[in-house]
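Residues per chain, in single letters:
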Amino acid sequence: MLSINCNLIAFLDPLDPAVRAPHLSFCCLSNHWSVLLLWIRAGLDYWPYVFVQCHDSWDDFFEFWQQQDGPKRLVGFSKMGAREHTEPGAYQKGDWLLFGSEIDGLPPGAWEQCRSTKNGGGLRRIPIIETHVRSLNLSVAAGIGAYEALRQVHSSN
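Predicted model only: the values in this text are computed from it and were never measured.

(A) The arrangement of the overall build of the protein in detail. A count of helical and extended segments in the protein gives four helices and six strands. The helix and strand sequence of the protein, counted from the amino end, reads β-α-β-α-β-β-β-α-β-α. Out of the 157 residues belonging to the protein, those deemed buried represent 31%.

(B) Summary view of the sheet that holds strand β6 (residues 120-125). The four strands are arranged β4-β6-β3-β5 in an open sheet whose pairing can be described as parallel. Of all the strands in the sheet, the pair left with one neighbour each is β4 (83-84) and β5 (95-99). Bridge count for strand β3 (residues 73-77) against β6 is three bridges, and the pairing is parallel. Paired with Leu74 across the bridge in β6 is Gly120.

(C) Examining the pattern of salt bridges more closely. Going through the model one piece at a time under the given rule, you end up with six salt bridges. Across the pair Glu87 and Arg83 runs a salt bridge whose closest N-O atoms are separated by 3.4 Å. Judged by its relative accessible area of 25%, Glu87 falls in the partly exposed class. Two residues, Arg125 and Glu84, come together in a salt bridge whose shortest N-O distance is 2.8 Å. Remark: Glu84 occurs in strand β4 and Arg125 occurs in strand β6; sequence separation between them is 41 residues. Accessibility expressed as a relative area gives 23% for Arg125, which makes it partly exposed. Beyond isolated ion pairs, a larger network of salt bridges with shared partners links Arg83, Glu87 and Arg124.

(D) Highlighting helix α3 (residues 108-115). Among the residues of α3, those classed as buried are Ala110, Trp111, Gln113 and Cys114. Buried residues along α3 sit in contact with α2 (58-66), β3, β5 and β6.

(E) Structural view of helix α4 (residues 138-155). In this model α4 runs 26 Å from its N-terminal to its C-terminal C-alpha over 18 residues, within 8% of the 26 Å that 1.5 Å per residue would give. Among all positions in α4, only Val140, Ala141, Gly145, Glu148, Ala149, Gln152 and Val153 are buried.

(F) Main features of the pairing of β3. With five of its five residues buried, β3 lies for the most part within the structure. The alternating pattern of β3 places Arg73, Val75 and Phe77 on one face and Leu74 and Gly76 on the opposite face, and all of these are buried. As paired strands, β3 and β5 are joined by five bridges and run parallel to one another. The partner of Val75 across the bridge, within β5, is Leu97.

(G) Up close: the pairing of β6. Taken together, the two bridges between β4 and β6 define a ladder with parallel strand orientation. What sits directly across from Arg83, in β6, is Arg124.

(H) Examining the environment of Arg115 more closely. Counting through the fold element by element, Arg115 comes out in helix α3. For Arg115, a relative accessible area of 56% translates into the label exposed.

(I) Seen up close, the packing of aromatic side chains. For the structure on display, the rule yields seven aromatic pairs. Ring pairs connect the aromatic residues Trp58, Phe61, Phe62, Phe64, Trp65 and Trp96, which therefore count as one cluster. In this structure, Lys72 is placed above the aromatic ring of Trp65, and the distance from its NZ or CZ to the ring centre is 5.2 Å.

Thresholds, definitions, all that
- Within each chain, residues carry numbers counting from 1 in the order of the written sequence.
- Local features in this predicted model are restricted to residues of pLDDT 70 or higher, and side-chain atom pairs are both shown and tallied only at a pLDDT of 80 or more, whereas totals for entire chains, interfaces and linings draw on every residue.
- Excluding hydrogens and water, the side-chain figures rest on all heavy atoms present in the structure.
- Strands here mean DSSP runs of E at least two residues long; helices mean DSSP runs of H or I at least four residues long; both are numbered from the N terminus.
- Each residue's exposure class comes from its accessible area (1.4 Å probe, protein chains only) as a fraction of the maximum for that residue type: buried when under 20%, exposed when over 50%, partly exposed otherwise.
- Here, a strand pair is defined by DSSP locating no fewer than two bridges between the strands.
- A pairing counts as a salt bridge when a side-chain nitrogen of Lys or Arg comes within 4 Å of a carboxyl oxygen of Asp or Glu.
- Any two residues whose heavy atoms approach within 4.5 Å at even a single point are treated as in contact.
- What a helix should span is 1.5 Å times the count of its residues minus one.
- Classification of ring pairs rests on two measures: the distance between centres of Phe, Tyr or Trp rings, Trp counted by its six-membered ring, which must be within 6.5 Å, and the angle between planes, read as stacked under 30 degrees, edge-to-face over 60 and tilted in between.
- The criterion is that NZ of a Lys, or CZ of an Arg, lies within 6 Å of the ring centre and within 35 degrees of the ring normal, and then a charge sits over that ring.

Nothing here speaks to function; it is all geometry.
Written out as structure tokens, the structure reads:
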């Protein structure tokens, strides 16, 4: 069993604590960590700089993705993924990281493409202790996966 003694300290917006506190508590519970919540006011001054692209379906996204230039692979994250998210060499420059919903996970087409030899970079697993939770919150998993990918890609340069 994976167990890490750790405390997570989070600074949350007092006007909207319910949105973030459950996510942090699930992350901590799934790893047997404790959490300390400190309430502060935070703004979203970065929102104008976030690029958002919406697609109606997996097929719409995949068509868009295929038209993008440069080297690229699809790397999926799932609690049923075959390999650990921290495996050395798991990520390459140009990878697109896919995270499914907390309830349904990745769509079947995403699973298929992540495992394909043509487009796929594999399916990765972020280990959790599932005694009391069935999955990580999407934003938590995305943060874990994205920063591990950045660490690996930047350390290989």
